[in-house]
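These are the residues of each chain, in order.
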Amino acid sequence: MMRALWSAASGMIAQQLNVDTIANNLANVNTTGFKRERVDFQDLMYQTARVAGTPVAQGVELPTGIQVGLGTRAAATTKIFSQGTFQDTGNPLDVVIEGDGFFQITRPSGEIAYTRAGAFKLDSSGNVVTPDGYPLEPAITIPANTNAISIGADGTVAVTLAGQTAPQTIGQITIARFANPAGLSNIGHSLYSATAASGAADVGTPGQDGRGGLAQGVLELSNVQVVEELVNMITAQRAYEANSQAIKVADDMLQTANNTRR
Amino acid sequence: MLRGLYAAASAMVAQLARQDVYANNLANANSVGFRRSRVALGQFPADLQAALDTAGPAAGGAAAAATDLDTTQGPLTTTSRPLDLALTGDAFFTIQTPNGPAYTRDGRFMLDSRSRLVTLQGQFVLGEQGPITLPATDFTVSAEGEISSGGSVVGKLRLVAPVNARQIGGGLFTAAQAGPAQAFSVSQGMVEQANVNGVQEMARMLNGYRLYEANATALRTQDETVSSLQRVVQ
């Protein structure tokens, strides 16, 4: 059958994946620390019917051959780790990383996960936890009689206890940096886990060795730009339509062939 | 049999081949750095025609003669991702593959787990001195392809102009030889879209479809002529 049918079908399938990804980005436009994804398409493979450069006579070579491409495919969904916009909340446990890096979170399984969402809470025993109740790593416990919490740009956590004037340091938040953050695996709940592709976590003080500094009382919103996503969606829809038209043309041609003999 | 029958049939086959190429172009309208293919139709080779034709030379129908790449510049779009590089002009990035160097206009690069610059398939993007390792800090890429970080140059992309490149899938091109790129510019935070225009590609497909129909009609007409001739004889 015609290769055109399959090439166009691959284009339609690719655009479906594109719309799936755009829809997920849009759904998470208000998710703290969410990083948008994009689908990267590439051409599939080529069938060579006639090789360029084939000698056709003494000293004469074909300048161009005949190559027919077989469609498109998604090569990757790439997470874009650009900085999201900041929202000033004034909440002392809302922390952003200005620049590169991830907070480390201990999952119930004991494994370390990574997140950009710094909307922390306190649990009943004063531990700093995520909205899902997973504790921050290294663990920070805020004493019960605390009046004020301050988190420095370098991750130093200091508290002022009731009846005291001088703040005292109770812990240090460290953040992890990856050679290839796009290689992290999404595990939901705004968490990522390290993979062989991301490289090992380079844990250290915020603000040093390429890690971003921390800022307290601010949240990092998603980096989804609604207008951009909608434009991508229009492009995807039109590409989908064009490919479906290509299928129709190929189908009509086959029908014409079938009707050649009356 | 009638030579015209073969001529019309060969034209139909040739139009089908064109549609395959246009459908692939359309399918790749969103593939970054993709170059659309063009089809040139030629006359059916005269010597082949003579072999199946004992009645002497005649107009021999059509066949797909060649496909080549349309090397027009694709439009640049902004992504603001520092590892996205777009090229304008005649330059291609050089990629290390198991089968030797390949070339690409798709500058959506990544860093591997050891901070080396790689393609989406994980193949090394080559600089003048082989694979490029980026520092942990921010970096910028100049219009000439020089990568600098913290005020010092850490590498320079190997940008070449392949001669008679052909696409091999995965955004890559091969060529027997590649000379130095002459007129080009690298833009960071942008990608070069495919140089496929959906409307033009659709128009080509519809045009091909009508030519196909016309040849199908020609074929049928000749068939009916022969058939009515046979009725006269009977």
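Placed above this text is the structure.
Keep in mind that what you see is a predicted model, and the values were worked out from it rather than measured. (Residues numbered from 1 in each chain as written. Chains lettered and ligands numbered in written order. Predicted model: local features only at pLDDT ≥ 70, side-chain atom pairs only at ≥ 80, totals over all residues. Heavy atoms only, no water.)

### Looking at the overall build of chain B
At step 1: Check the secondary structure of chain B and you find 3 helices and 19 strands.
At step 2: Expected size for 234 residues packed as a compact globule is a radius of gyration near 17 Å; at 25 Å, chain B overshoots this value by more than 25%.
At step 3: Projecting the C-alpha coordinates of chain B onto the three principal axes gives extents of approximately 95 × 35 × 30 Å.
At step 4: Taking all 234 residues of chain B together, 49% fall into the buried category.
At step 5: Residue pairs at least 24 apart in sequence account for 64% of intrachain contacts in chain B once pairs closer than 6 positions are excluded.
At step 6: Surface accessibility of chain B: about 10700 Å² in total, with carbon and sulfur atoms responsible for 56%.
At step 7: If you average the places of the 17 positive and of the 18 negative side-chain charges in chain B, the two averages end up 2 Å apart. (Helix = DSSP H or I, 4+ residues; strand = E, 2+ residues; numbered from the N terminus. Rg over C-alpha atoms; globule rule 2.2 N^0.38 Å. Buried < 20%, exposed > 50% of the residue type's maximum accessible area, 1.4 Å probe, protein only. Contact = heavy atoms within 4.5 Å. Areas by Shrake-Rupley, 256 points an atom, 1.4 Å probe, with all protein chains shown as cover. Lys, Arg positive; Asp, Glu negative; His and termini not counted. Charge placed at Lys NZ, Arg CZ, Asp CG, Glu CD.)

### Regarding the packing of helix α1 (residues 3-27) of chain A against helix α1 (residues 3-27) of chain B
At step 1: Following both chains from N to C, one finds α1(A) and α1(B) inclined at 5°, their axes separated by 8 Å at the closest point. Our classification of the angle between α1(A) and α1(B) gives roughly parallel. Together, A:Arg3, A:Ala4, A:Ser7, A:Ser10 and A:Gly11 of α1(A) and B:Gln19, B:Asp20, B:Ala23, B:Asn24 and B:Ala27 of α1(B) make up the contact between the two elements.
At step 2: Across the contact of α1(A) with α1(B), the residue classes tally to 3 nonpolar, 5 polar and 2 charged. (Axes fitted to C-alpha atoms, helices over the stretch in contact; angles between N-to-C directions. Parallel < 35°, antiparallel > 145°, perpendicular 65-115°, else oblique. Nonpolar A, V, L, I, M, F, W, Y, C, P; charged D, E, K, R; others polar.)

### Notes on the interface of chain A and chain B
At step 1: Chain A puts 59 residues into the contact, and the matching count from chain B is 51 residues.
At step 2: Counting the surface lost from both chain A and chain B, the interface buries some 4400 Å², and carbon and sulfur atoms represent 54% of this.
At step 3: Contact with chain B buries area across many residues of chain A, yet A:Gln67, A:Met253 and A:Thr260 alone supply 14% of it, more than any other trio.
At step 4: Our count for the contact surface shared by chain A and chain B stands at 3 salt bridges. (Buried area = accessible area lost by both parts, 1.4 Å probe. Salt bridge = Lys/Arg side-chain N within 4 Å of Asp/Glu carboxyl O.)

### Re the sheet that holds strand β16 (residues 168-172) of chain A
Residues and elements named next belong to chain A.
At step 1: Judged by pairing direction, the sheet is antiparallel, and its 3 strands sit side by side in the order β14-β15-β16 without closing on themselves. Among the strands making up the open sheet, the edge pair consists of β14 (146-151) and β16. The mean angle between the axes of side-by-side strands here comes to 25°, regardless of whether they run parallel or antiparallel.
At step 2: Note that strand β15 (residues 156-161) and β16 share 4 bridges and pair antiparallel. Counterpart to Thr156 in the pairing with β16 is Gln172. (Pairing = 2+ DSSP bridges.)

### Considering the pattern of salt bridges
Residues and elements named next belong to chain A.
At step 1: Applying the stated rule across the entire model yields 25 salt bridges over all chains.
At step 2: Between Glu220 and Lys35 there is a salt bridge; the shortest N-O distance is 2.5 Å. Here Lys35 lies in the loop between α1 and β1 (37-43) and Glu220 lies in strand β22 (residues 218-220), a separation of 185 residues in the sequence. For the pair formed by Glu220 and Lys35, the shared burial category is buried.
At step 3: In this structure, Arg38 and Asp40 form a salt bridge, with 2.8 Å as the shortest nitrogen-oxygen distance. The two residues Arg38 and Asp40 agree in class, both being buried.

### With respect to the packing of aromatic side chains
At step 1: Inspection of the entire model under this criterion finds 8 aromatic pairs over all chains.
At step 2: Geometrically, the ring pair formed by B:Phe92 and B:Phe173 is edge-to-face, given 5.1 Å between the ring centres and 75° between the ring planes. One end of the pair, B:Phe92, is in strand β5 (residues 92-97); the other, B:Phe173, is in strand β16 (residues 172-174), and 81 residues separate them in sequence. You'll find B:Phe92 and B:Phe173 in the same group, each marked buried.
At step 3: Measuring from ring centre to ring centre gives 4.9 Å for B:Phe93 and B:Phe109, while their planes differ by 80°; the resulting arrangement is edge-to-face. One end of the pair, B:Phe93, is in strand β5; the other, B:Phe109, is in the loop between β6 (100-104) and β7 (110-111), and 16 residues separate them in sequence.
At step 4: With a relative accessible area of 0%, B:Phe109 lands in the buried category.
At step 5: Grouped by ring-pair contacts, the aromatic residues A:Phe81, A:Phe102, A:Tyr114, A:Phe178 and A:Tyr192 constitute a single cluster.
At step 6: When the ring centre of A:Phe34 is taken as origin, the NZ or CZ atom of A:Lys79, which lies over that ring, is 5.0 Å away.
At step 7: A cation sits over an aromatic face here: B:Arg105 above B:Phe92, 5.6 Å from the ring centre. (Phe/Tyr/Trp six-rings, centres within 6.5 Å; stacked < 30°, edge-to-face > 60°. Lys NZ or Arg CZ within 6 Å of the ring centre and 35° of its normal.)

### Comments concerning unusual backbone geometry
Residue and element names in this part refer to chain A.
At step 1: The step from Glu137 to Pro138 runs through a cis peptide bond, and the omega angle for that step is -10°.
At step 2: Note that Pro138 resides in the loop between β13 (136-137) and β14.
At step 3: For Ser190, which is not a glycine, the phi torsion comes out positive at approximately 60°.
At step 4: By secondary structure assignment, the location of Ser190 is in the loop between β18 (185-188) and β19 (191-193).
At step 5: Located in the positive-phi region is Asp209, a residue other than glycine, with phi close to 50°.
At step 6: Tracing the sequence through the fold places Asp209 in the loop between β20 (202-204) and β21 (213-216).

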